[in-house]
Amino acid sequence: LKNYFFKERFNYSLKKFIENLARKNNLSVRKIYLYDAPPFQSREPDEKENKMKEDYDKFIASFKKEDIVVREGRTQRLKTGNSFVYRQKGVDMLLGIDMVGAVKEFPALKTVVLLSGDSDFVPVVEKLKFLGINIILWTYFERNRKSPFSRSNYLIRCVNQYIKITKEDFQEVKNEN
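A few points on the structure. The structure presented is a predicted model; accordingly, all values stated were derived computationally and were not measured.

Rules used in this analysis
Residues numbered from 1 in each chain as written. Predicted model: local features only at pLDDT ≥ 70, side-chain atom pairs only at ≥ 80, totals over all residues. Heavy atoms only, no water. Helix = DSSP H or I, 4+ residues; strand = E, 2+ residues; numbered from the N terminus. Buried < 20%, exposed > 50% of the residue type's maximum accessible area, 1.4 Å probe, protein only. Areas by Shrake-Rupley, 256 points an atom, 1.4 Å probe, with all protein chains shown as cover. Pairing = 2+ DSSP bridges. Right-handed = clockwise from strand over helix to strand, strands pointing away. Patch = residues over 30% accessible without salt bridge, like charges linked within 9 Å, V, L, I, M, F, W, Y side chains within 5 Å. Salt bridge = Lys/Arg side-chain N within 4 Å of Asp/Glu carboxyl O. Core = buried A, V, L, I, M, F, W, Y, C linked by side-chain atoms within 4.5 Å. Contact = heavy atoms within 4.5 Å.

The subject of this paragraph is the overall build of the chain. Along its length, the chain carries seven helices and seven strands. Reading the chain from its N end, one meets helices and strands in the order α-α-β-α-β-β-β-α-β-α-β-α-β-α. By residue count, 35% of the 177 residues in the chain fall in the buried class. Split by element, the accessible area of the chain, about 11700 Å² in all, is 49% carbon and sulfur.

As structure tokens, this is what we get:
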């Protein structure tokens, strides 16, 4: 998303970004989770795969340094014709498990914030709402169906509240280095 707003390299702190959005919306942050999958590694990784993994490890280390809990799935490689297709596996499931698990981990929990645009999370959102948890969606979307940021109305309708992220939200937490 930040690459959509900013054409040149843009450094910001994810933790500050989340804390700033929370503060604007009178929320407090207890724990931040990040869900991703490392780049595919073959049995004998080539130079490109090694470089991608090295860069990914640095990327993830920066989040861990900020006390962000990183949960990782895996990357699957499928050959289709003469090329490969890469897909994250298990990432959405980890997020869903952790969202429901947060109810037990934090008994006083009243609100969960989901920073996403993926309508795959509708079932877990509905389950949490059934359990009495308020769900807020932080997202960015455009109503143009051909846009990469076209969102399912299903996701937006199922949450208690949604907040549209803006370019200014990123600018407010820009790193100066």
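Sheet topology note: the strand 1 (residues 33-36)/strand 2 (residues 69-72) ladder contains four bridges and is parallel. What sits directly across from Tyr33, in strand 2, is Val69. Crossover strand 1 to strand 2 through helix 3 (residues 47-65) is right-handed.

Now for a nonpolar patch on the surface. Taken together, the side chains of Val100, Phe130 and Leu131 present a nonpolar region at the surface, about 300 Å² in accessible area. By secondary structure assignment, the location of Val100 is in helix 4 (residues 91-105).

So, about unusual backbone geometry. Even without glycine at this site, Asn26 takes up a positive phi of about 55°. As for its position among the elements, Asn26 is in the loop between helix 2 (14-24) and strand 1. The exposure class of Asn26 is exposed, given its relative accessible area of 74%. Positive phi values are uncommon outside glycine, yet Asp67 reaches one of about 60°. For Asp67, a relative accessible area of 62% puts it in the exposed group.

For the rest of this paragraph, the subject is the pairing of strand 3 (residues 74-80). The two faces of the sheet receive side chains in turn, since in a regular strand these alternate between them. When strand 3 meets strand 4 (residues 83-89), the two strands line up antiparallel, connected through seven bridges. Opposite Arg77, over in strand 4, you have Tyr86 as the bridge partner. Here strand 3 folds back onto strand 4 in antiparallel fashion, the turn holding two residues, of which Gly81 has a positive phi close to 70°.

In terms of nonpolar packing, the biggest core is built from 20 residues, with Met99, Leu114, Val125 and Ile135 touching the most fellow members. Put simply, the parts of the chain that give this core at least two residues each are helix 4, strand 5 (111-115), helix 5 (122-130), strand 6 (134-139) and helix 6 (153-158). Sequence-distant contacts of Met99, defined by excluding residues within four places in its chain, comprise Val112, Leu114, Val124, Val125 and Leu128. Membership of the second largest hydrophobic core comes to 18 residues, among which are Phe17, Ile60, Val70 and Ile163.

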